[in-house]
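Residue strings, one per chain:
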Amino acid sequence: MRLRLAGALAAVLVTAGLATGPAAQAAPHPVRQPTLAGLAERHGRYFGSATDNPELSDSAYTRVLGGEFDMITPGNGMKWYATEPQQGVFDWTAGDQIVDLARSNRQRVRAHTLVWHSQLPDWLTSRQWTASELRAVLKKHITTEVRHYRGKVYSWDVVNEAFNEDGSYRDTLWYRTLGPGYIADALRWAHRADPHARLYLNDYNIEATGPKSDAYYRLAKDLKAAGVPLDGIGFQAHLALQYGYPTTLEDNLRRFSRLGLDTALTEVDVRMQLPATAEKLAEQATWYRDVTAACLAVRRCVGVTIWDYTDKYSWIPAVFPGEGAALPWDEELRPKPAYQALREALR
Ligand code: XIL
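Every value quoted in this text rests on a predicted model; they were computed, and no experiment measured them.

What counts as what
Residues numbered from 1 in each chain as written. Predicted model: local features only at pLDDT ≥ 70, side-chain atom pairs only at ≥ 80, totals over all residues. Heavy atoms only, no water. Helix = DSSP H or I, 4+ residues; strand = E, 2+ residues; numbered from the N terminus. Rg over C-alpha atoms; globule rule 2.2 N^0.38 Å. Buried < 20%, exposed > 50% of the residue type's maximum accessible area, 1.4 Å probe, protein only. Areas by Shrake-Rupley, 256 points an atom, 1.4 Å probe, with all protein chains shown as cover. Lys, Arg positive; Asp, Glu negative; His and termini not counted. Charge placed at Lys NZ, Arg CZ, Asp CG, Glu CD. Domains from an automatic or database assignment. Expected span 1.5 Å × (residues − 1). Contact = heavy atoms within 4.5 Å. Near = heavy atom within 4 Å. Polar contact = N/O pair within 3.5 Å; in protein donor to acceptor, adjacent residues only side chain to side chain. 1 Å grid on protein atoms, 1.4 Å probe; cavity = no way out; pocket = protein on both sides within 12 Å on 5 of 7 lines; lining within 4 Å. Sits in = over half its atoms within 2 Å of the grid points. Nonpolar A, V, L, I, M, F, W, Y, C, P; charged D, E, K, R; others polar. Core = buried A, V, L, I, M, F, W, Y, C linked by side-chain atoms within 4.5 Å. UniProt positions renumbered as here; feature names shortened; annotations may be inferred. Phe/Tyr/Trp six-rings, centres within 6.5 Å; stacked < 30°, edge-to-face > 60°. Lys NZ or Arg CZ within 6 Å of the ring centre and 35° of its normal.

Caption draft 1: How the structure looks around the overall build of the protein chain. Of regular secondary structure, the protein chain possesses 15 helices and ten strands. Taken against the 2.2 N^0.38 rule, which gives 20 Å for 347 residues, the C-alpha radius of gyration of the protein chain at 21 Å falls within 12% of a compact globule. In terms of overall dimensions, the protein chain has C-alpha extents of about 75 × 45 × 40 Å along its principal axes. Of all 347 residues assigned to the protein chain, the portion counted as buried reaches 54%. Carbon and sulfur atoms make up 52% of the accessible area of the protein chain, which totals about 15500 Å². On the protein chain, the mean spot of the 40 positive side-chain charges and the mean spot of the 40 negative ones are 7 Å from each other.

Take a look at the structure:
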C-alpha cells in the first residue's frame, strides 16, 4: 500500500513538473495526462463516445471507454427493434447494460433514439396502420421507454433524421401516416415521461448551412414559438474527407444557440477512402480539431460525442464499402493523429 501510494505520488509530481532526482527519471507509472473528458470539463463541456453491447466484453476496449469519456451513447441498444421487439413487449437488456456501465464509470448517457425510420421491428413495418392506431403505438413506445430511463439519462434524441437533403420532410412511416405533427407530439410525450431529460432532434448533413439545416432552423423556431419542449439540436457530423469540411459549422451552431437551444455534435466520425495514408490521417486530425474548436466557440454547444472511439468498432466499413479509418483510435486501440488533435483543441 505504501509503495503504491509513493508511486502514485511520483506520477502526480512528474505530471506537475515538480519531481527531481532518481524518482523523476524512474517514474514507476507513465506520466499522467488529463483525459479528453477532463480537458472538455474545463470548458464546461462533455466529451463522449458511442458504444455498443457486443464490444463490452473487450476489456482493453472498455478500459479506454471508461477512462477517457464522461458521456456515452448506446449505438443500438435503445433503438426500437431492441427495446420493443414485439408489440407491447419491452426489452431493456441492452440499454440497461449501457446505463449500468455509465454509472459504474461515473458517466452520463445521451440516449438514442425514440422515433426513426430505420432499425424498426418487423411488426411495426410489415402492416398498415391507421393514423390513430399508429399514434397510440408511438405514444406508448415513447412513454414506456422514456419512463424506464427517467432520471438515468441526460438527454434523448427524440426524433432522428426527419428531413431530406432538400429540406422537405422525409417520407417515413411516421410522416406518411401522422403528418409533420408527429415531431411535436413525440417531444411532448417524452417531456411528460421525463421532465428533466434534455430533448433533441438529431440529423446528419446539417453541419453546414444549407436547405436541410435551414429546415431544422425553421422547425426549431416554430416549435419554440408553440411552446413545444425542445431543448437542442444534435449535429451528427458523420463527415467524409472526400466531401470537404463544413466550414459554416460554427456559424450554424451559433444561429441555433440564438434560438435558445443547446447544440451538440452527437455522432462525429471522419471517414476516408481506404487505404488510409499519413496525409489523409493528418487531414482527418485537423477536421477533428476544427469541429471540436467550433463547438467550444459557441456557448450553448454542450459537448462532442464520437461515434465510437476506435476503428475496431466503427460502423463505417459495413455501410460505406471501401471507406473507413474514421475514428481517433486505430483498430489496435492506438491513438491516431486525430486523438492528439482533439487534445490540442481542448487544451
Ligand atoms: C448505426 C450503428 O452504429 C450501427 O451499428 C447500425 O448497424 C446502424 O446504425 N446515424 C444514427 C445512428 O443516428 O443510429 C447510426 O448508428 C449511424 C447513423
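Caption draft 2: Broad picture of the domain arrangement of the protein chain. Each domain of the protein chain was delimited in the assignment, giving domain 1 (1-30) and domain 2 (32-346). One C-alpha centre belongs to domain 1, the other to domain 2; they are set 40 Å apart.

Caption draft 3: Focus on helix α8 (residues 131-148). The end-to-end C-alpha distance of α8, which contains 18 residues, comes to 26 Å, matching closely the 26 Å that a straight helix rising 1.5 Å per residue would cover. Those residues of α8 hidden inside the fold are in contact with α5 (80-83), β3 (108-115), α7 (122-125), β4 (155-160), α9 (173-178) and α10 (182-193).

Caption draft 4: Seen up close, the site of the ligand. Taken together, 13 residues lie near the ligand, and Asn76, Lys79, His112, Glu267 and Trp307 sit nearest. The side chain of Asn76 places a nitrogen or oxygen atom 2.9 Å from an oxygen atom of the ligand. Alone, the ligand offers 420 Å² of accessible surface; in the complex the protein occludes 78% of this. Mapping the ligand onto the cavity grids shows that it belongs to the largest pocket. Tallied by class, the residues present in the shell around the ligand amount to three nonpolar, seven polar and three charged.

Caption draft 5: Spotlight on the nonpolar core. Residues Leu124, Trp156, Trp174, Leu201 and Ile233 are the most contacted members of the largest nonpolar core, which totals 93 residues. Residue contacts for Leu201: discarding those within four places in its chain leaves Val159, Ile183, Leu187, Tyr216, Leu219, Leu223, Leu230, Gly232, Ile233 and Gly234. One finds Tyr46, Met71, Tyr200 and Val302 within the second-largest nonpolar core, a separate group that totals six residues.

Caption draft 6: Summary view of the side chain of Arg255. On the secondary structure map, Arg255 appears in helix α12 (residues 249-257). There is a polar contact of 2.8 Å between the side chain of Arg255 and the side chain of Asp214. If we skip the residues at most four places from it in the chain, Arg255 touches Thr209, Ser213, Asp214 and Tyr217.

Caption draft 7: How the structure looks around the UniProt feature "domain: GH10" (unreviewed entry) in the protein chain. UniProt's feature table lists "domain: GH10" (unreviewed entry) at residues 50-345, given in the numbering used throughout. Between the end C-alpha atoms of residues 50-345 the distance is 20 Å, and the span holds 42% helix and 18% strand.

Caption draft 8: How the structure looks around the packing of aromatic side chains. Following the criterion strictly, the structure yields 21 aromatic pairs and no others. For the ring pair Phe47 and Phe69, a centre distance of 6.2 Å and an interplane angle of 25 degrees mean the geometry is stacked. One end of the pair, Phe47, is in strand β1 (residues 46-51); the other, Phe69, is in the loop between α4 (59-68) and β2 (71-74), and 22 residues separate them in sequence. Residues Phe47 and Phe69 agree in their burial class; the two are buried. Connected via pairs of aromatic rings, a cluster forms that spans Phe47, Tyr61, Phe69, Tyr309, Tyr313, Trp329 and Tyr339. Above the face of the Tyr154 ring, Arg108 is positioned so that its terminal group lies 4.6 Å from the ring centre. The cationic tip of Arg110 hangs over the ring face of Tyr200; the distance from NZ or CZ to the ring centre is 4.7 Å.

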